[in-house]
Amino acid sequence: MRFLFLGDIVGRSGREAVFKQLPALRHDFKLDFVAVNGENAAAGHGITEKIYLEALHSGIDVITTGNHAFDQKDALIYAERAERFLRPANYPPGTPGKGAAVFTTAKGARVLAANIMGRVFMQPALDDPFAAAEKILASCPLGEQADAIIIDFHAETTSEKQAFGHFVDGRASIVAGTHTHVPTADAHILPQGTAYMSDAGMCGDYDSVLGMDKEEPLQRFLSKIPRRRFEAATGKATICGLAVEISDRTGLAERLSPLHLGPHLQQAMPDFWN
Ligand SMILES: [Fe+2]
Ligand SMILES: [Fe+2]
């Protein structure tokens with residue numbers, strides 16, 4: 001099975017790059033499943049239902065989020081009916097929407113997708129992410145109810161992300177980190193077969209501060225006084241993510257590669273799907 005995970009879409013430039021290029025990537029790589037973090041898709045702040053629907057139309061199978069899941073207030077409403085929208089599973093009980101769901105690919109494979117948020121240096125601090133993962137994996141184990149399991153672990157620190165990766169190693173196909181908006185250089189397969197990358201990076205304009213127009217963040221560091229709202233940078237976006245070949249037999253990772261496609265970063269593409 002061929003999986004592509006893309007990190008946080010930031011603003012219009014990130015949306016346009018992903019929505020425009022994904023159909024070709026999906027076709028050329030013969031992708032079975034595409035998951036994308038959309039928590040910053042609406043001008044950097046959350047995701048509207050309209051953008052969520054556009055994302056599905058472009059060929060995305062599931063949209064994950066994080067601490068910005070509910071920045072757009074309509075998400076509190078549509079999260080309940082949007083089958084392919086995930087917010088972190090470890091929000092308190094009663095939070096609208098869901099943090100995990102099973103989807104069936106065109107070839108009939110059952111894919112469990114989960115979104116879980118870390119707690120170190122994160123606001124809001126949610127329930128225990130490790131306990132949340134345990135509960136989800138126990139209810140839908142790899143090789144039993146699921147043919148593949150992909151987890152977006154949305155967290156600030158590489159330590160919490162690495163610990164989480166080891167916690168689910170051999171029990172999930174992919175753990176892809178999100179939230180920092182900067183891709184890490186540590187994509188590898190963990191000892192028990194889980195594809196792991198501390199952060200997939202963002203899909204946005206890298207001539208920026210984390211996808212936001214660089215002027216206001218820089219001024220805040222210099223003067224400590226907010227002058228205006230952060231606005232998404234408008235330059236051409238680079239798409240960043242993680243491509244993984246998953247065994248049909250075991251549901252574990254066989255090959256992986258970072259994907260960087262766009263103007264600012266060193267390009268990276270999987271070479272095993274040509
Ligand atoms: Fe983000
Ligand atoms: Fe985030």
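Residues numbered from 1 in each chain as written. Chains lettered and ligands numbered in written order. Predicted model: local features only at pLDDT ≥ 70, side-chain atom pairs only at ≥ 80, totals over all residues. Heavy atoms only, no water.

A. Geometry of the pattern of salt bridges. Scanning all chains against the criterion turns up 13 salt bridges. In this structure, the salt-bridge partner of glutamate 245 is arginine 2, at a minimum N-O distance of 3.8 Å. Pair noted here: glutamate 245 is in strand 10 (residues 239-246) and arginine 2 is in strand 1 (residues 2-6), with a separation of 243 residues, a long-range link. The residue arginine 228 makes a salt bridge to aspartate 213 at a minimum N-O spacing of 3.8 Å. Residue arginine 228 is located in the loop between helix 6 (215-223) and strand 10, and its partner aspartate 213 is located in the loop between strand 9 (195-197) and helix 6; the two are separated by 15 residues in the primary sequence. The partly exposed category is assigned to aspartate 213, whose relative accessible area is 32%. (Salt bridge = Lys/Arg side-chain N within 4 Å of Asp/Glu carboxyl O. Helix = DSSP H or I, 4+ residues; strand = E, 2+ residues; numbered from the N terminus. Buried < 20%, exposed > 50% of the residue type's maximum accessible area, 1.4 Å probe, protein only.)

B. Region of interest: the environment of proline 124. Inspection of the secondary structure assignment puts proline 124 in the loop between strand 5 (110-117) and helix 4 (129-139). In sequence terms proline 124 and histidine 68 are 56 residues apart; their C-alpha atoms lie 9.8 Å from each other. The contacts of proline 124, once residues within four sequence positions are left out, are Asn67, Tyr91 and Met117. (Contact = heavy atoms within 4.5 Å.)

C. Fine view of the environment of glycine 143. Locating glycine 143 in the fold gives a position in the loop between helix 4 and strand 6 (148-154). The sequence separation of glycine 143 and leucine 252 amounts to 109 residues, and the corresponding C-alpha distance is 9.4 Å.

D. Quick peek at a nonpolar patch on the surface. A grouping of Val182, Val209 and Leu210 is seen on the molecular surface, where their side chains present a nonpolar patch of about 220 Å² in accessible area. For valine 182, the position within the fold is in the loop between strand 7 (174-178) and strand 8 (188-189). (Patch = residues over 30% accessible without salt bridge, like charges linked within 9 Å, V, L, I, M, F, W, Y side chains within 5 Å. Areas by Shrake-Rupley, 256 points an atom, 1.4 Å probe, with all protein chains shown as cover.)

E. Representation of the coordination of the iron ion (ligand 1) within the structure. Around the iron ion (ligand 1), the protein supplies Asp8 (OD), Glu39 (OE), Asn40 (OD1) and His181 (NE2) as donor atoms, at distances of 2.1 to 2.2 Å. Taken together, the four donor atoms coordinating the iron ion (ligand 1) span angles of 86 to 166° at the metal, a pattern that classifies the geometry as irregular. Between the iron ion (ligand 1) and the iron ion (ligand 2), the interatomic distance is 3.5 Å, and glutamate 39 donates to each metal, bridging them. Here asparagine 40 lies in the loop between strand 2 (33-37) and helix 2 (49-57) and aspartate 8 lies in the loop between strand 1 and helix 1 (11-28), a separation of 32 residues in the sequence. We note that aspartate 8, like asparagine 40, is buried. (Donors = N, O, S within 2.8 Å, 3.2 Å for Na, K, Ca; no water. Tetrahedral: all angles 85-135°; square planar, octahedral: opposite > 155°, others 65-115°.)

F. Up close: the coordination of the iron ion (ligand 2). Coordination of the iron ion (ligand 2) by the protein comes from Glu39 (OE), Asn67 (OD1), His154 (NE2) and His179 (ND1), over a distance range of 2.1 to 2.2 Å. One can describe the donor arrangement at the iron ion (ligand 2) as irregular, given that its four donor atoms subtend angles of 86 to 144° at the metal. Within one chain, the residues serving as donors to the iron ion (ligand 2) are arranged as E-x27-N-x86-H-x24-H.

G. The arrangement of the sheet that holds strand 5 in detail. Pairing is mixed in the open sheet, where six strands are placed in the order 4-5-6-7-9-8. Edge positions in the sheet fall to strand 4 (100-104) and strand 8, since each has one partner strand and no second. Both strand 6 and strand 7 contribute to a ladder of five bridges, which runs parallel. In the sheet register, aspartate 152 faces strand 7, and the bridge partner there is alanine 176. Taken strand by strand, helix 4 contacts strand 4, strand 5 and strand 6, and its axis lies near 165° from that of strand 5. (Pairing = 2+ DSSP bridges. Axes fitted to C-alpha atoms, helices over the stretch in contact; angles between N-to-C directions.)

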